[in-house]
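Per-entry structural report
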Amino acid sequence: MKSITLFALAAAAVLQTATAAKCGSQDCGKDSPCCVRGYCNANAMYCIPFNCEVQNSYSADSCWDTAHCVKSNVNFGSANAFAQIADYKGDPSKTAFVSQFEPSNAKVVGGELQMELVKQGDGKGFGATVTNTRAIQYGTVTAVMRSGSVSGGVVSSFIIRNDKLGDEIDFEFVGADKSTVESNYYWHDQLDYTKMVKSQVLSDTTKNDHTYQIQWTPDQIVWVVDGNAFRTVKRSETWDAGSGTFKYPDSEAYVSFSIWDGGSGAQGTADWAGGAIQWGQGPFVAGVKSVDIDCYYKGNETTYTPPGSSGGDDDDDKSSSTSDDDEDDESSTDKSSKDDDKSSKDDDKSSSDDDESSEDDDESSSDKTSKDSDKSSKHSSNDDESDSKDASSDQSSEDSSDEPESDDSVDEETGSSEDLDESSDTSSSTMLTASLSAVVAAMAAACAF
C-alpha cells in the first residue's frame, strides 16, 4: 500500500508539471491567467486575443475569444470608436479600436483619432499603435487619414496584419517622401522589400486627408488611393515552386494604425525612413477621421459576450452598434454560417484558399503587445522594429535600386511569436522529460519499499 501511495503522488506531480504552461520564468495563475512575453496579468493588455499567448497562459481558455468581422463604419467622433486599452473590457461592440501602449500617445481630438510620436530622454521617439478589436479575413477596409511623417525618420502606417503568422498588407508613409504612400504585403514574416510599390503622386500626405483603401479577397489584393487603384497583386502570382505554396496573406488579421521612429534604427532603416528625425519640425501627429470595414464573408457574429459576463438579458446591450442592417438577425455563435458562406461564395475559388478555413482564435498579434509588458520594453519597441527591418534586409534585395537595403518594419512594434512558440515547445519538452525521470525514480523508490 505504501508503494502504491508513493507512486500515485509521484504520478500526480508529473501530470501537474508536464501540463503547466510556462510564461517566461513564471507560471500564470488563475488570478493572472494571461501571458504576454514572460508576464502574467488579467487585464485587457494581456488577455486581448491579438496579444495573449495561449500556449503560455494559465489554461486554453484564459485568452479572450477572437471577435470576428462585422460590417462597420467607425467615425472617431462617436463614443464607441476608441478606448485606451486599460479601459477596454473585452466587448468589441462597445469599442471599435484600442490603443496598444501604456503610456498612450493616442487620443481622439475634435472627432479625429490622433497618434503622436514624442521624443524620449534618450533622444529616440516613442509612438502609438491603435488596433481594431475585431479580426477580419478578407474584405475591404477604407480609411480617411493623414500621415504624421512631417520629418524624415518618422513612419506612419495603415496595416492589416496577423502577428502570430506574420501575414501583412500595408500602406506606409515615410518622411522622406510626403507626396506618395508605399504599398507592400508579406507572408509568414518573409520580408521582401523589393515588392514595395509607390502610389501615384498625391498632395502633401501630412497636410491633407486622403482616402486609402485595401481590397482583400482570396484571389487578389488591390491598393486604392482617392478612388484610384494603383496596384493589384493576384494570388496566382505568388506561387513559390520551391516551397509548393502560394505566398499570399490569407489568415484572419487585425486592422491597425501607427506612428513610429524609423530614423533611430540601423542605417538601412534610417535611410529608408529619411534619416534622423528633426525634432524641431514637430509635432508629429498622424490623424484618422474614419474607417469603413466591409467583411468579405457575411453572416459573422453581430453580438458578443465579454469576459466575465453571463450574457442573458444583457445580450441586447451587447449588440454591435456598428453592424449593418442585413446582419442584425445573425447570431454571434453562428460560426458555421461563416463556413457555409465560404463554401457557397468560393466554389470557383476553393482551390486558392489554402488556409482560409482556419478561424484561429489564437491568431492574435503578438506584436505590439510584448512591448507593453513593462515600460522599459515599451520604450524600446521602436529599436526592435528598426533592428528587425535591418536584419532581414541582409537577406532581401541587395541589388534593388529603389528600395533601401533594409526597407522595413513590417511589423511595426512587433516581435515574432514564432520564437516564443519554439521556446515554449522546448521548455515543455524539457519539463516532460524531467517529469518522466521523476516517475522512474518514484517507481524505483516504491519498489524498494
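Provided above is the structure to which this section pertains.
A brief structural summary. (Residues numbered from 1 in each chain as written. Predicted model: local features only at pLDDT ≥ 70, side-chain atom pairs only at ≥ 80, totals over all residues. Heavy atoms only, no water.)

Applying the stated criterion across every chain, the model contains 10 salt bridges. Aspartate 294 is the salt-bridge partner of lysine 71, the closest N and O atoms lying 3.7 Å from each other. On the criterion of sequence distance, the pair formed by lysine 71 in the loop between helix H2 (44–47) and strand S3 (72–75) and aspartate 294 in strand S21 (residues 284–295) is long-range, its members being 223 residues apart. A salt bridge links lysine 198 to aspartate 177; the shortest N-O distance between them is 3.4 Å. Note that lysine 198 is positioned in strand S14 (residues 197–198) and aspartate 177 in strand S13 (residues 177–186), a separation of 21 residues in sequence. Look at aspartate 177 and you get buried, because its relative accessible area is 18%. One network of salt bridges, in which partners are shared, links Arg161, Asp163, Glu168 and Asp189. (Salt bridge = Lys/Arg side-chain N within 4 Å of Asp/Glu carboxyl O. Helix = DSSP H or I, 4+ residues; strand = E, 2+ residues; numbered from the N terminus. Buried < 20%, exposed > 50% of the residue type's maximum accessible area, 1.4 Å probe, protein only.)

Moving on: the environment of tryptophan 64. The residue tryptophan 64 is located in the loop between H2 and S3 in this model. Residue class for tryptophan 64 comes out buried when judged on its relative accessible area of 12%. As a C-alpha pair, tryptophan 64 and alanine 44 span 20 residues in sequence and 8.7 Å in three-dimensional space.

A few words now on the environment of tryptophan 187. Within the fold, tryptophan 187 resides in the loop between S13 and S14. Given the relative accessible area of 11%, tryptophan 187 is considered buried. Sequence-wise, tryptophan 187 and isoleucine 169 are 18 residues apart; in three dimensions their C-alpha atoms are separated by 9.0 Å. Those residues in contact with tryptophan 187 that sit more than four places away from it in its chain are Gly166, Asp167, Thr245, Phe246, Lys247, Tyr248 and Pro249. (Contact = heavy atoms within 4.5 Å.)

This part is about the pairing of strand S12 (residues 167–174). Judged by how many residues are buried, S12 sits mostly within the fold: eight of eight residues are covered. Of the two faces of S12, both are covered, the one formed by Asp167, Ile169, Phe171 and Phe173 as well as the one formed by Glu168, Asp170, Glu172 and Val174. Bridge count between strand S11 (residues 154–162) and S12: eight bridges; the pairing is antiparallel. Considered in S12, the bridge of asparagine 162 is made with aspartate 167. Across six bridges, S12 lies against S13 in antiparallel orientation. When the bridges of S13 are listed, glutamate 168 appears paired with tyrosine 186. (Pairing = 2+ DSSP bridges.)

Everything listed here is a matter of geometry and, on its own, says nothing about what the molecule does.
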